[in-house]
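# Residue-level structural notes
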Amino acid sequence: TEDKSLHFIEQIIEENITDGFPKDKLRFRFPPEPNGYLHIGHAKSICLQFGLGLRYNAPVNLRFDDTNPAKEEQEYVDAIKDDLQWLGFKWDEEHYASDYFQQLYDWAIVLINKGKAYVDSQSSEDMATQKGTPTQPGVDGPYRNRSIEENLSLFEGMKNGDFPEGTHVLRAKIDMKSTNMLMRDPLMYRILHRHHHRTGNDWKIYPMYDYAHGESDYIEQISHSICTLEFVMHRELYNWFLDQIYDNSLVRPHQYEFARLNLNYTVMSKRKLLQLVQDKVVNGWDDPRMPTISGLRRRGYTANAIRKFCDTIGVAKRENVIDVSLLEFCLREDLNKTAPRVMAVLDPIKVIITNYPEGKEESLDAENNQEDETAGFRKVPFSRELYIEREDFLEVAPAKFFRLSIGNEVRLKNAYIIKGESVVKDNEGNITEIHVSYDTDSLSGSGSEASKRKVAGTLHWVSIAHAIPAEVRVYDRLFIDEAPDSHKEKNFLDFMNQNSLEIVTGYVEPSLVSAEIDNKFQFQRLGYFNVDKDSTALKLVFNKTVGLKDAWEE
Ligand code: ATP
Ligand code: MG
Ligand code: MG
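Predicted model, so just to flag it, every value in this text is computed and none were measured.

Domain annotation of the chain identifies domain 1 (8-258) and domain 2 (349-365 + 376-460). Each of domain 1 and domain 2 has a C-alpha centre, and the two are 66 Å apart.

Here it is, written out as structure tokens:
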């Protein structure tokens, strides 16, 4: 009887346990290649692997799959560890595939001695031609039957740096006619005279992913090696490499595949994200518009929201595309519960309350978060001259305009009811001031009859004399196309949204003077904002994290 609340990988594990697999031998790993920053797709894999670790109380290793020195860097290793910790997960052991280079080399010699691997000395073009096509079997190359002695000596020469790059490779000797192209004598090693971020110049040959990955799982005794669907065809090879060295007193790893996360309006391959960084289309890997974990974090995403999102989409067996608005929904749900409410005006227009005494100021009580009883109240200064949002006023109100207009009343949040009286315009007819009167008895929370009066709308505002100017970075989607990297004729860079960043000067209430980097707020009626890392005591900088509702809905 299968438990429907379990996803398919959990169901497989449950079956394995029922069939006698010892629970205390369950072990998982998250295996990033340190060639870029983690993105929201990786978060999906992380939540899956670490979720299994939590469910089965089993260790989860962090393994850096660092077998390609040309693209890997220490900066990426550090960033990956930071992001994992921020997401709230603890790995058991930290490993590097490069720590296994000697063991992998020794096993390669075992394969040569068994007649299961050989050195091929042809050009890559010739090897590719011999490989055939999916519908046409490959043919054996001229070096396939080299003697074991010759193979051993050449392979040692490769290791010692005796040969230039591209002159020899080590290949597994499997079957050039296999229906699975990956089984047609795949490469195990290539010569690379490159500096490796951990092993320096020790190695002149580097193992291929397919060879290194399964054997690394075996070394670490990973029971369930979970990867994405594009590795389905690699499974046969994964098993073949294990067959050559497997000792049946140890755990034999098995590979399982799930569907990678795809998000619309987003590119997710590290190669493409690197291009955005290198071409300076964005301001670094942690640009708040990037789908990287560090970008999302800087944008104001919470780890909680990202985990909730991964949980909500579940673990699928088939490829699909998730709407990016679901990610935003999960974020809003979380911030709604936790973000203190404050007032800020991003597109100010001046309001003068003509019957409010000049020079007078009041300190009004404002509730911090109606969703959180423990959040308490703060003081907000009120005075005769205020800013409200330009779009909250129209001289002549159309039907169903629930904001301020001449002759109509609105409430100022936490304060009084005001009524539009007249406007002042400049020579071009632009409104520069709105003159209003206020109902002196209508203070919110005062308990008076007038305080309970119902008016059409409530506006946010700041007192001009007290407000703090702040830089506010307002973001929009980075791409204007739903699937920017799916076009045959065009490059994903052809679909950049030219207006993905707008910088405005806004005015925030003075309580924000003490706001610290990454503090998160709801700017009432505007959305959620956090303090950017560029913010200083002299100049507050905010990021717009997400709006209050889905602006793209209709
Ligand atoms: P990219 O294609 O973006 O370069 P990758 O798969 O090459 O990603 P790795 O560092 O090898 O990046 O990935 C580490 C782990 O994260 C792998 O197990 C991989 O399957 C998983 N992963 C990567 N992208 C996604 C995604 N979009 N959805 C789910 N899992 C992913
Ligand atoms: Mg990979
Ligand atoms: Mg990759």
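Within the largest apolar cluster, 95 residues are counted, with the highest numbers of intra-cluster contacts made by Ala344, Tyr387, Ile388, Trp461, Val462 and Val508. Among the elements that make up this core, the one with the highest residue count is helix α2 (residues 40-55) (seven residues). When residues no more than four places from it in sequence are discounted, the contact partners of Tyr387 are Val345, Pro348, Ile349, Lys350, Trp461, Val462, Ile464, Ala467 and Tyr507.

What follows concerns the pairing of strand β12 (residues 348-353). The pairing of β12 with strand β15 (residues 385-389) spans five bridges and is antiparallel. Within β15, the residue paired with Ile352 across the bridge is Glu385. As paired strands, β12 and strand β18 (residues 431-438) are joined by four bridges and run parallel to one another. Paired with Ile352 across the bridge in β18 is His435.

Pairing analysis gives three bridges linking strand β16 (residues 409-412) to strand β17 (residues 417-425), with the strands arranged antiparallel. Note that in β17 the partner of Val410 across the bridge is Ile418. Once β16 ends, the chain turns through four residues before running back antiparallel as β17, passing Asn414 with a positive phi of about 65°. When β17 meets β18, the two strands line up antiparallel, connected through seven bridges. Its bridge partner lying in β18, Ser422 is registered against His435.

Each value, and the rule that gives it
- Residues numbered from 1 in each chain as written.
- Chains lettered and ligands numbered in written order.
- Predicted model: local features only at pLDDT ≥ 70, side-chain atom pairs only at ≥ 80, totals over all residues.
- Domains from an automatic or database assignment.
- Core = buried A, V, L, I, M, F, W, Y, C linked by C-beta atoms within 7 Å.
- Buried ≥ 20, exposed ≤ 12 C-beta atoms within 10 Å, placed from the backbone.
- Helix = DSSP H or I, 4+ residues; strand = E, 2+ residues; numbered from the N terminus.
- Contact = placed C-beta atoms within 7 Å.
- Pairing = 2+ DSSP bridges.

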